[in-house]
Amino acid sequence: MTSRTSITNLLVANRGEIARRVFRTCRELGVATTAVHSDPDASAPHVREADAAVQLPGAAPADTYLRADLIVRAALAAGADAVHPGYGFLSESADFAQAVLDAGLVWVGPPPAAIAAMGSKTAAKRLMAEAGVPVLGALTEPTETDLPLLVKAAAGGGGRGMRVVRSLADLPGELAAARAEAAKAFGSDEVFCERYLPAGRHVEVQLLADAHGTVWAVGDRDCSLQRRHQKVIEEAPAPGLPAEVRAELHAAARDAARAIGYTGAGTAEFLLAEDGRFFFLEMNTRLQVEHPVTEAVTGLDLVALQLAVAEGAQLPPEPPAPRGHAIEARLYAEDPAKDWQPATGTLHRLELALPYQEFTGTGLRLDSGVEAGSEITPHYDAMLAKVIAWAPTRDAAARRLADALARARIHGPATNRELLVRALRHPAFLAADLHTGFLAEHTAELTAPDTKGVERAALAAALADAAGRRGALPSGWRNLPSQPQLKCYRAEDGTESAVRYRHTRSGLLAEDHPEVELVEAAPDRVVLSEDGLRRTYRVARYGDRVHVDTPAGGTALTALPRFPDPTVRTDPGALLAPMPGTVVRVVAAVGDPVTAGQPLLVLEAMKMEHRVAAPADGTLVELRVTPGRQVETGTLLAVVQPTEA
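The rules behind these values
Residues numbered from 1 in each chain as written. Predicted model: local features only at pLDDT ≥ 70, side-chain atom pairs only at ≥ 80, totals over all residues. Heavy atoms only, no water. Helix = DSSP H or I, 4+ residues; strand = E, 2+ residues; numbered from the N terminus. Rg over C-alpha atoms; globule rule 2.2 N^0.38 Å. Buried < 20%, exposed > 50% of the residue type's maximum accessible area, 1.4 Å probe, protein only. Contact = heavy atoms within 4.5 Å. Areas by Shrake-Rupley, 256 points an atom, 1.4 Å probe, with all protein chains shown as cover. Lys, Arg positive; Asp, Glu negative; His and termini not counted. Charge placed at Lys NZ, Arg CZ, Asp CG, Glu CD. Arc of directions from axis to C-beta. Core = buried A, V, L, I, M, F, W, Y, C linked by side-chain atoms within 4.5 Å. Polar contact = N/O pair within 3.5 Å; in protein donor to acceptor, adjacent residues only side chain to side chain. Pairing = 2+ DSSP bridges. Axes fitted to C-alpha atoms, helices over the stretch in contact; angles between N-to-C directions. Salt bridge = Lys/Arg side-chain N within 4 Å of Asp/Glu carboxyl O.

Asks: I'm lost on the overall build of the protein chain in this one. Help?
Replies: Broken down by element type, the protein chain carries 15 helices and 38 strands. In summary, the protein chain has a C-alpha radius of gyration of 26 Å against a globular reference of 26 Å for 645 residues, a match within 12%. Each of the three principal axes of the protein chain carries a C-alpha extent, and together these read 95 × 60 × 55 Å. Residue burial in the protein chain is summarised as follows: out of 645 residues, 54% are buried. In the protein chain, 63% of the contacts between residues at least 6 apart in sequence involve partners at least 24 apart. If you sum the accessible surface of the protein chain, you get close to 27,200 Å²; carbon and sulfur atoms cover 51% of it. Computed over 66 positive and 81 negative side-chain charges, the inter-centroid distance for the protein chain is 5 Å.

Asks: Explanation requested: helix H6 (residues 121-130) in the structure shown.
Replies: Helical geometry: 3.6 residues make up each α-helical turn, so side chains three or four residues apart lie on a common side. For H6, the set of buried residues is Lys121, Thr122, Ala124, Lys125 and Met128. Within H6, the buried residues cover an arc of 160 degrees as seen down the axis, which keeps them to one side. Exposed residues on H6 whose side chains face more than 90 degrees from its buried face are Arg126 and Glu130. On its buried side, H6 packs onto helix H5 (112-119), strand S6 (149-153), strand S8 (191-195), helix H8 (243-259) and strand S13 (278-284). Glycine 132 occupies a position one or two residues after H6 and carries a positive phi of about 85 degrees.

Asks: Got a minute to help me understand the nonpolar core in this structure?
Replies: The tendency in soluble globular proteins is for nonpolar side chains to be buried side by side. Judged by nonpolar contacts, the single largest core of 73 residues is most densely connected at Leu10, Ile233 and Phe429. Broken down by element, the residue count for this core peaks at eight residues, all from helix H11 (residues 394-407). With near-sequence residues (within four places) excluded, leucine 10 lies in contact with Val22, Cys26, Val31, Ala32, Thr33, Thr34, Ala82, Val83, His84, Val108 and Leu307.

Asks: Just checking my understanding: could you explain the environment of serine 188 for this structure?
Replies: Along the chain, the position of serine 188 falls in the loop between helix H7 (171-186) and S8. Once the C-alpha coordinates of serine 188 and serine 120 are considered, the two residues, 68 residues apart in sequence, prove to be 9.7 Å apart. Aside from chain neighbours lying at most four places away, what touches serine 188 is Ala155, Ala182 and Ala183. Polar side-chain contacts of serine 188 include one of 3.3 Å to the backbone nitrogen of glutamate 190.

Asks: Explanation requested: the side chain of lysine 231 in the structure shown.
Replies: Along the polypeptide, lysine 231 turns up in strand S11 (residues 230-236). Of the residues examined, lysine 231 reaches a relative accessible area of 9% and is grouped as buried. Polar side-chain contacts of lysine 231 include one of 2.9 Å to the side chain of glutamate 269. Within the structure, lysine 231 has its side chain in polar contact with the side chain of glutamate 290 (distance 2.7 Å). Excluding anything up to four places from it in sequence, lysine 231 contacts His202, Glu204, Cys223, Leu225, Gln226, Glu269, Gln288, Glu290, Arg330 and Tyr332.

Asks: Which parts of the structure should I look at to understand the side chain of threonine 25?
Replies: On the secondary structure map, threonine 25 appears in helix H1 (residues 16-29). A distance of 2.8 Å separates a polar atom in the side chain of threonine 25 from a polar atom in the side chain of aspartate 301. Once residues within four sequence positions are removed from consideration, threonine 25 is found in contact with Asp301, Val303 and Ala304.

Asks: How do you make sense of the pairing of strand S28 (residues 533-542) when you look at a structure like this?
Replies: Residues in a regular strand project their side chains so that they alternate between the two faces of the sheet. Bridging between strand S27 (residues 525-530) and S28 involves six bridges; their strand directions are antiparallel. In the strand pairing of S28, serine 529 is matched with arginine 534. Hairpin connection from S27 to S28: two residues lie between these consecutive antiparallel strands, with aspartate 531 at a positive phi of about 55 degrees. Pairing analysis gives five bridges linking S28 to strand S29 (residues 545-550), with the strands arranged antiparallel. By the bridge assignment, valine 539 is partnered in S29 with valine 548. Connecting S28 to the next strand, S29, in antiparallel fashion are two residues, including glycine 543 with a positive phi near 65 degrees.

Asks: For this particular structure, what's the right way to read the sheet that holds S8?
Replies: Strand pairing in a sheet is mediated by backbone hydrogen bonds. Such pairs are either parallel or antiparallel. Strand order in this open sheet of three strands is S7-S6-S8, and the pairing throughout is antiparallel. Every interior strand has two partners, whereas the edge strands, strand S7 (163-165) and S8, have only one. Across the sheet, the mean angle separating the axes of adjacent strands is 30 degrees when strand polarity is ignored. Against the sheet, H6 touches S6 and S8, its axis set at about 50 degrees to S8.

Asks: Just to check I follow, could you spell out the pattern of salt bridges for this structure?
Replies: When charged atoms on two side chains of opposite charge get close, those side chains can pair. For the structure on display, the rule yields 45 salt bridges. With a shortest N-O distance of 3.4 Å, glutamate 174 and arginine 163 are connected by a salt bridge. Placement of glutamate 174 in helix H7 and of arginine 163 in strand S7 is noted, with a sequence separation of 11 residues between them. Exposure class is identical for glutamate 174 and arginine 163. Each is buried. Residue arginine 541 pairs with aspartate 465 through a salt bridge whose shortest N-O separation is 3.3 Å. Here the residue arginine 541 occupies a position in strand S28, and aspartate 465 occupies one in helix H15 (residues 451-468), the gap between them amounting to 76 residues. A relative accessible area of 41% means that arginine 541 is categorised as partly exposed. What you see here is one network of salt bridges that share partners, running through Glu204, Arg221, Lys231, Glu234, Glu269, Glu290 and Arg330.

See the structure below:
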């Protein structure tokens, strides 16, 4: 009989949303909590919510959350008796798991040997093939008939070190880029190639196993909506799976777990082809970001079960059957219309109509690592929060989640909120026509600017500003008719709107919008009527940044100065840093002829690489940065002299 232990104080070797998620369960179970934090995270919500916190001096993950020695030392100093790795960082490090055990602490995760067995995707594929699990074989010498290819890092995931190759001529360069990114992200530059199935679905099975031989397949999930090979929308159960395919997937996942003596929570990931065949991709030997959708349809607390298994508990013979449907959307600080460019800055407001991390009668849940006032930095992943909706049917869950996101008030850096709403309402998504290229295929329509919506938001912003300036002699007031006042705004897509208004004896009047009637104007609220239809706009201003919210969505605007500085001029060939980050590679030299769209250098920010390309055909005449240089938004990186027509 396996002996039981008792966890009394748990250190979470992570940050943000997952740390808060684990702490929530610990509070319910009566387990004391210890947090660790880097310097930028000193005031983060997860630090305040823990019973104790230990500083990991520094800012970069390599100096803090990736230092196994410092984390083990922190656990011992805080009197913790167990360590939960969360996800990311050291969560899939066999060496870290062993170091925790060697220190006499309980490791809330699978055995180090199981982690090591799945640590290399190439070795894992060989092991799974031996266990009878279908795999996509690695291609050692790809040919034209193998195209398109997917280059993947052997030691990691999350989209890092992955490249789609459609021409063999591009393969050497993409292999080199993938190796460099993989080495930086995972400490190993091993990469491999496999067939790329553009219309394939990413389907996974949640696993939970104890030390007594019980292995659960706790339902399945579809995670096909991805950008840059990173998941954006996930759901449970995976829609449209024939019963026999679902049963085979679950059986293959259980076989995979048994083949490596797995215990704890984990996920077996598969690629599902159009013909119904599926292939093992990898096993994540940890809790997944998308675990809430499985919790929603089963009623299980997977973190509580992780702790119970780590204490030696035995699972019941079978998991509960799923009920209803759940969908999760990842809210990222990024601009999908600008090649998913990450955004930084102060998050002034994150307000959804639901209590934090609780299921309510509306079937909504928010898991977030940030709150109003949080600073979004380039040091960590761009995910702000996960919003999860449960409903009896898939259509109802999608409708509920889209509505919650549309009504949310999210003020601060740019986010992917509008793309999420449009994706959840897209006819192809609602028809469960899912594949990993979905977002790339529909990017144009999912990110198309809402011109009229921006115009009305700018009008509301200008009238709210005017209402806030009312006094004994309001701005623009004259005893006789005069020129109207002018307010200009720039939307996130770069388009500008000019609003002309004047104060009259009957109130504010919008000069250029006679079809719009102003019903009410206050500094934070404007009501407009158009063709008898009233709409309410809620307005909030933070410096020159203005956020206008309606039940249909939000618009972020930048108020432009009345008299622009004539000395501010940008050379048309100048390449400015679009975000704060680190230069990781330079792929061109001064004097090189370049073509429009050709990558010149690569920036890393928020755990993603971003290519900076030539704006036009010409010659690279200046290069101001070298690899390793940290830059701020607007830093001059290079100058291209355009070719004369």
